[in-house]
Amino acid sequence: MIVSNWKLYDASLFKGLAKNQVEHVLGAMQPRRMEAGEYIFRMGDEGVSLYLVAEGRVHVFRNSLEGREKSLAFFSPGDVFGEMSLVEARPRSAHAVALEDTVVLQLFADHYRHLIQRYPLLAHNLARIIAERLRRASEEVVLLSFENARVKMAHALLKLYHQRLGRATEHGWLIPETHKRLANHAGTSRETVTRVIREFKKEGLVEDHPQGVLLKDLEGLEAILWGL
Ligand code: CMP
């Protein structure tokens, strides 16, 4: 496959590989075009491949027993997901949905095993990606279990910003989420989100926007997160 998106060469999965080696790996991947809203896989599906996002955006989430959606991550071009089932040979640990029209490149387990024999760096890169995810997940467990609502909100807003959910505007970064959806991200109630957002607005950290919430002061949100 000819990959038009040059950004893919900078993907974390390919760190340290030469251009021709990256091309070889990309050549072993199968492109899949997904429409906005289409499931790439569902939690519990057999997982026989990992995915690299070439274009668009992917949302990975789980549902609680009461049916509430809990976002785990948003992925953009250059990001890898679905690596857990590939490595462990266990069912998918979450749902993955295309948030917009999206192209993902699928790498099947047998191809992956051949490729890592030839390019061991590929396996090391995947291990690094998994370690980064574990580090972030541990941080989140601590923040969500011990900290107060302000910390949870600051964490949720910054996580969405770092995962590039939304877009830059001249007034700040726009997170296009309702208070209800922010409550799912932060692991708290909608009422609490509304109360904390009101406080954050008074402190000049965020502003209302017809499509969601505008982040005005990223450093101020970081300071809340780390109790500075
Ligand atoms: P897999 O279990 O194959 O399918 C779901 C994917 O979602 C999983 O692999 C990871 O790629 C991704 N995923 C699951 N949990 C998290 C998490 N806490 N943070 C980031 N990504 C995750």
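Residues numbered from 1 in each chain as written. Predicted model: local features only at pLDDT ≥ 70, side-chain atom pairs only at ≥ 80, totals over all residues. Heavy atoms only, no water.

## A look at the pattern of salt bridges
Here comes step 1: Scanning all chains against the criterion turns up 14 salt bridges.
Here comes step 2: As a salt-bridge pair, D208 and K201 come within 2.5 Å of each other at their nearest N and O atoms.
Here comes step 3: Take D208: its relative accessible area is 45%, and that puts it in the partly exposed class.
Here comes step 4: The exposure class assigned to K201 is partly exposed, which follows from its relative accessible area of 32%. (Salt bridge = Lys/Arg side-chain N within 4 Å of Asp/Glu carboxyl O. Buried < 20%, exposed > 50% of the residue type's maximum accessible area, 1.4 Å probe, protein only.)

## A word on the pairing of strand 3 (residues 49–55)
Here comes step 1: Counting buried positions along strand 3 yields six of seven residues, so the element is predominantly enclosed.
Here comes step 2: The pairing of strand 3 with strand 8 (residues 102–108) spans six bridges and is antiparallel. Residue pairing in the sheet places L50 in a bridge with L107 of strand 8.
Here comes step 3: Two elements, strand 3 and strand 6 (residues 80–81), share two bridges in a ladder whose sense is antiparallel. Bridging from a neighbouring strand, L52 pairs with V80 of strand 6. (Helix = DSSP H or I, 4+ residues; strand = E, 2+ residues; numbered from the N terminus. Pairing = 2+ DSSP bridges.)

## Re helix 5 (residues 149–162)
Here comes step 1: Between its terminal C-alpha atoms helix 5 stretches 20 Å, which fits the 20 Å expected from 14 residues at 1.5 Å a residue.
Here comes step 2: Counting buried residues along helix 5, 11 of its 14 residues qualify, which places the element largely inside the surrounding structure.
Here comes step 3: Residues of helix 5 that are buried include every one of A149, V151, K152, M153, A154, H155, A156, L157, L158, L160 and Y161, and no others.
Here comes step 4: You can read the cap of helix 5 off the contacts: a side-chain oxygen lies 3.1 Å from the backbone nitrogen of R150, and it is on N148.
Here comes step 5: With its phi angle positive at about 60 degrees, R164 sits one or two positions after the end of helix 5. (Expected span 1.5 Å × (residues − 1). Polar contact = N/O pair within 3.5 Å; in protein donor to acceptor, adjacent residues only side chain to side chain.)

## A look at helix 6 (residues 179–186)
Here comes step 1: Here helix 6 has its buried residues at L182, A183, N184, H185 and A186.
Here comes step 2: Just downstream of helix 6, G187 is the residue with a positive phi angle, here 70 degrees.

## A few points about the pairing of strand 11 (residues 206–209)
Here comes step 1: Where strand 11 meets strand 12 (residues 212–215), four bridges bridge the pair, whose relative direction is antiparallel. Residue pairing across strands places V206 opposite L215, the latter belonging to strand 12.

## Remarks on the sheet that holds strand 11
Through backbone hydrogen bonds, the strands of a sheet pair up, either in parallel or in antiparallel fashion.
Here comes step 1: One open sheet accounts for four strands, arranged 9-10-12-11; its pairing is antiparallel. At either end of the open sheet lies a strand with only one pairing partner, and these are strand 9 (167–169) and strand 11. Each neighbouring strand pair of the sheet contributes to a mean axis angle of 35 degrees, computed without reference to strand direction.
Here comes step 2: Pairing of strand 9 with strand 10 (residues 172–175), which is carried by three bridges, proceeds in the antiparallel orientation. Following the sheet pairing, R167 is matched in strand 10 by L174.
Here comes step 3: Where helix 7 (residues 190–202) meets the sheet, it contacts strand 11 and strand 12, and its direction lies at approximately 115 degrees from that of strand 11. (Axes fitted to C-alpha atoms, helices over the stretch in contact; angles between N-to-C directions. Contact = heavy atoms within 4.5 Å.)

## Details of the domain arrangement of the chain
Here comes step 1: As far as domains go, the chain holds domain 1 (6–143) and domain 2 (148–225).
Here comes step 2: The interface is formed by 13 residues belonging to domain 1 together with 15 residues belonging to domain 2.
Here comes step 3: Summed over both sides, the interface of domain 1 with domain 2 buries roughly 1200 Å², with 43% coming from carbon and sulfur.
Here comes step 4: Connecting domain 1 to domain 2 are two salt bridges.
Here comes step 5: As a salt-bridge pair, E140 and K159 come within 2.9 Å of each other at their nearest N and O atoms.
Here comes step 6: Here domain 1 and domain 2 share nine residue pairs in polar contact (both at pLDDT 80 or more) between them.
Here comes step 7: Every element with two or more residues in the side of domain 1 that touches domain 2 is listed here: strand 5 (69–75) and helix 4 (120–146).
Here comes step 8: Looking at the side of domain 1 that touches domain 2 residue by residue, the classes come out as five nonpolar, three polar and five charged. (Domains from an automatic or database assignment. Buried area = accessible area lost by both parts, 1.4 Å probe. Nonpolar A, V, L, I, M, F, W, Y, C, P; charged D, E, K, R; others polar.)

## With respect to the side chain of H155
Here comes step 1: Locating H155 in the fold gives a position in helix 5.
Here comes step 2: Accessibility expressed as a relative area gives 8% for H155, which makes it buried.
Here comes step 3: Non-local contacts of H155, meaning those with residues more than four positions away in its chain, are made with E140, L143 and L225.

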